[in-house]
Amino acid sequence: FHLVHTPLLIPKSYIKRAEARADFDNEHRKKYSAMTEYMDEAVGEFVAALKARGEWENTLLVFLADNGGPTYAPGSGNNHPLKGGKYSDWEGGVRVNAFVSGGYLPKRRRGTTFAGVMSGADWYGIFCDIAGVSPEDERAAKANKWLEERDLPLLPPVDAYPGIWDAILTGDESRARGSSPLHLSDHTVLAYPFKLVTGRQAFSSWTGPSYPNCSSGATQPTFEDFVLMGHHARFVKDDEATAESIWAEDCGDRGCLFNVEADPNEHVDLSEDPEHQETLEKLQTTLAELNKGLFLPFRGGMVVEACHAALDNGGFYGPFVDTEGFYTHPPTEEDEEKLLARQELNFMNQPAVSSWAHEAGEAALQAAFPFLTAAFEGCEKPADATNSQPSPPSPIIPPEVHLGPVSMEMARAGTLAEEFTNVETIRAEIAQSVKGYLLGGRSVPAEPKKDEL
């Protein structure tokens, strides 16, 4: 169920219902409330349909989140009183709500809680237990024989801890993962009750019970995982400013150590406590060993052929390698608009152009950052303050910059590009210039020089 999640879109009727329930001072939190009611209502209809068909008594409904709520703008989740949120390894990012229901659940366990340690990955093993089948990947086991004969790395077993369903049914929390290491990320490991967090963690703060709100005037942290032309793009230029904008905390290679049973909100770092040095060193070693087994293959890069396949198939992405005879319908007709789109794609995917577009786009984001922050905070400005807010300047059109014989209204990366604030306008200018160039019947240079852009 793709709720509650960005983009924050919901029918207006649910917004009105949220407004009738409470007085929200933050637009995003109001939408979150409305989206939650929508989800609750939809799941209720699903359950009612199962009951009407007589299928509820033989149903096990599992409902869980894949991560904590996003505390960055405009995500506007809240994990109070836990620290952090989505994209962090703090408890607010990894300790999530879950419940099971349905007629299949024994009556003695209904209305009870289970506080044993488990991972979302454990549900595969749980479902296998319920179905009475083995969770073992037999094909991987056969492949491992071939790999072992050639002294190649072996495929790991299925990541599902055994016996958790029985632990849930009996209420024996010690039979769950317990102190068995849970590899939360390449930076963090949990061996309950102790947890080691290393490296820089974003969104490292505690939110209040009503978050986000507009009473203090404080802004939310910035979204960190922004990609432009296949490369990470920063909203601010230097590392210190970036860390401040994402509420970062750096635990370094040594790490921060917490007892999340006694201190679930992670206020007390035990890494310097002499009594916990043995635990710290043990978890450091465990994390290093677990990281050796990380499966991080090259997953491919951006290729323009995928975009051409989408143009052929009504704007939808699909297979594009060795697809002769794959599609059951002929490609759509080639018209002038599609031809221009292909040529624009080919142009923008040239390494020099792509690199320039990333640099110019990142500079535009950095110039627009103060205005984006204001737009994302979700707070209405007082009437007397509306006109006092600075307005984004109009995008600056630089002097003529030549690509071959054609004058294009594009900025030199790292100079005038820094003053761009309206990304959509800039993109439209670039697209228009490229199309004009192509309509002139000229071919794009195979590798335009960067200093010509």
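See the structure printed just above.
For the structure given in this document, a descriptive report is provided here. (Residues numbered from 1 in each chain as written. Predicted model: local features only at pLDDT ≥ 70, side-chain atom pairs only at ≥ 80, totals over all residues. Heavy atoms only, no water.)

With respect to the sheet that holds strand β5 (residues 194-197)
In step 1: Taken together, the 4 strands give an open sheet; going across it, the order is β3-β4-β5-β10, and neighbouring strands pair in antiparallel fashion. At either end of the open sheet lies a strand with only one pairing partner, and these are β3 (182-185) and β10 (256-259). Geometrically, the sheet is characterised by an average inter-axis angle of 20° between neighbouring strands, direction not taken into account.
In step 2: Taken together, the 3 bridges between β3 and strand β4 (residues 188-191) define a ladder with antiparallel strand orientation. Pairing of His183 across the sheet is with Val189, part of β4. (Pairing = 2+ DSSP bridges. Helix = DSSP H or I, 4+ residues; strand = E, 2+ residues; numbered from the N terminus. Axes fitted to C-alpha atoms, helices over the stretch in contact; angles between N-to-C directions.)

Some words on the state of the cysteines
Put plainly, a disulfide is one covalent bond tying together the sulfur atoms of two cysteines.
In step 1: Inspection of every chain in the model, using the stated rule, returns 2 disulfides.
In step 2: The residue that forms a disulfide with Cys214 is Cys379, at a sulfur-sulfur distance of 1.8 Å. What sets the handedness of the Cys214 and Cys379 disulfide is the S-S torsion sign, and at about -90° it is left-handed. Taken together, the residues Cys214 in the loop between β6 (200-201) and β7 (227-228) and Cys379 in the loop between α11 (351-376) and β11 (401-403) connect sequence positions 165 residues apart.
In step 3: Overall, Cys214 belongs to the partly exposed group, its relative accessible area being 23%.
In step 4: One disulfide in the model links Cys251 with Cys256; its S-S distance is 2.2 Å. (Disulfide = S-S within 2.5 Å. Buried < 20%, exposed > 50% of the residue type's maximum accessible area, 1.4 Å probe, protein only.)

Re the layout of surface pockets
In step 1: Its volume calculated, the largest pocket comes out at about 1800 Å³.
In step 2: In terms of lining, the largest pocket is formed by 49 residues, of which the most central are Val117, Met118, Ser119, Gly120 and Leu182.
In step 3: At the level of elements, α3 (91-94), β2 (98-101) and β3 are the ones that each hand at least two residues to the lining of the largest pocket.
In step 4: Counting residues per element, the lining of the largest pocket draws most heavily on β3, at 4 residues. (1 Å grid on protein atoms, 1.4 Å probe; cavity = no way out; pocket = protein on both sides within 12 Å on 5 of 7 lines; lining within 4 Å. Points joined across faces, edges and corners; volume = space filled by probe spheres on them.)

A word on the nonpolar core
A general feature of soluble globular proteins is that nonpolar side chains tend to end up buried together.
In step 1: Residues Ile10, Ala34, Met35, Val47 and Trp56 are the most contacted members of the largest nonpolar core, which totals 16 residues.
In step 2: Of all the secondary-structure elements, those providing two or more residues to this core are α1 (12-21) and α2 (27-52).
In step 3: Sequence-distant contacts of Trp56, that is, excluding residues within four places in its chain, are made with Val47, Leu50, Lys51, Leu61, Ser101, Gly102, Gly103 and Tyr104. (Core = buried A, V, L, I, M, F, W, Y, C linked by side-chain atoms within 4.5 Å. Contact = heavy atoms within 4.5 Å.)

Things to note about the packing of α1 against α2
In step 1: Contact geometry for α1 and α2: axes closest at 8 Å, N-to-C directions at 110°. The angle between α1 and α2 places the two elements in the roughly perpendicular class. The two elements α1 and α2 meet at a crossing, and its hand is right-handed. Across from Tyr14, Ile15, Arg17, Ala18, Glu19 and Arg21 in α1, the residues of α2 making contact are Lys30, Lys31, Ser33, Ala34, Glu37, Tyr38 and Glu41.
In step 2: Tallied by class, residues from the contact of α1 with α2 come to 5 nonpolar, 1 polar and 7 charged. (Parallel < 35°, antiparallel > 145°, perpendicular 65-115°, else oblique. Left-handed = near helix turned anticlockwise from the far one by under 90°. Nonpolar A, V, L, I, M, F, W, Y, C, P; charged D, E, K, R; others polar.)

Focus: helix α9 (residues 304-312)
In step 1: Within α9 the residues assigned to the buried category are Val304, Ala306, His308, Ala309 and Ala310.
In step 2: Following α9 by one or two positions, Gly314 adopts a phi angle in the positive range, close to 70°.

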